[in-house]
Amino acid sequence: MAQYYQFINRTRHEVSQISLPFNFGLPHAKSLERYDSKEVAAMFRYVARHNADWTDEDDLVAEGDYGEIVQFDQAQPIGQTFDWESYTPETRPPQAL
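Definitions and limits used
- Residues numbered from 1 in each chain as written.
- Predicted model: local features only at pLDDT ≥ 70, side-chain atom pairs only at ≥ 80, totals over all residues.
- Heavy atoms only, no water.
- Core = buried A, V, L, I, M, F, W, Y, C linked by side-chain atoms within 4.5 Å.
- Buried < 20%, exposed > 50% of the residue type's maximum accessible area, 1.4 Å probe, protein only.
- Helix = DSSP H or I, 4+ residues; strand = E, 2+ residues; numbered from the N terminus.
- Contact = heavy atoms within 4.5 Å.
- Pairing = 2+ DSSP bridges.
- Polar contact = N/O pair within 3.5 Å; in protein donor to acceptor, adjacent residues only side chain to side chain.

Engineer: So what's going on with the nonpolar core? Residues and values would help.
Structural biologist: The biggest cluster of nonpolar side chains holds 21 residues, and the ones touching the most others in it are F7, L20, F22, F44 and W84. Going through the elements one at a time, strand 1 (4-9), helix 1 (37-50) and strand 4 (60-64) are the ones with two or more residues in this core. No other element matches helix 1, which puts 8 residues into this core. Apart from the residues lying within four places of it in its own chain, the contact partners of W84 are P21, F22, E39, A42, M43 and Y46.

As structure tokens, then:
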């Protein structure tokens, strides 16, 4: 069974609650291990861009429900864009940890 990942901002001690276009509008991502590193980096940038007061410089991780941690690699080149990046999510404030 696949893991579901929550995007967490460790700098601000918050969990993203925005709807994600790469998982049918739900606030968590499914099976990040299926994606290449460029698309995962794009997902982190998307989450940072659409959460109030979050930035790419914050300590961002995705934590799976089985304990797997995926760290945001800020050095990952942007280069490629993905269709889902143009989606504007429903605005929801992050949840405090």
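There is more to say, and it comes next.
Engineer: Residues and numbers for the environment of A2, please.
Structural biologist: Of note, A2 is situated in the segment before strand 1. Residues A2 and W84, spaced 82 residues apart in sequence, show a C-alpha to C-alpha distance of 21 Å. Apart from residues lying up to four places away in sequence, A2 is in contact with K30, S31 and Y66.

Engineer: Any details on the pairing of strand 4? Residues and values, ideally.
Structural biologist: Counting buried residues in strand 4 gives 4 out of 5 residues, a clear majority hidden from the surface. Where strand 1 lies against strand 4, 5 bridges are found, and the strand directions are antiparallel. Counterpart to I8 in the pairing with strand 4 is V61. Here strand 4 pairs with strand 5 (residues 69-71) via 3 bridges, running antiparallel. For V61, the partnering residue across the bridge sits in strand 5 and is Q71. From the end of strand 4 to the start of strand 5, which pair antiparallel, there are 4 residues, and G67 there has a positive phi angle of about 95 degrees.

Engineer: Explain the pairing of strand 1 residue by residue, including any values.
Structural biologist: Here strand 1 pairs with strand 3 (residues 29-30) via 2 bridges, running antiparallel. Bridge pairing links Y5 to A29 in strand 3. In this structure, strand 1 lies alongside strand 2 (residues 14-15), joined through 2 bridges in antiparallel fashion. Bridge pairing links I8 to V15 in strand 2. In sequence, strand 1 turns back onto strand 2 through a hairpin of 4 residues, with H13 there showing a positive phi of about 60 degrees.

Engineer: Report on the side chain of N9, specifying residues and quantitative values.
Structural biologist: Take N9: it is sitting in strand 1. Of note is the side chain of N9, whose polar atom sits 2.9 Å from the backbone nitrogen of T11. Polar side-chain contacts of N9 include one of 2.8 Å to the side chain of D58. The contact partners of N9, leaving out residues within four places of it in the chain, are E14, W54, D58, D59 and L60.

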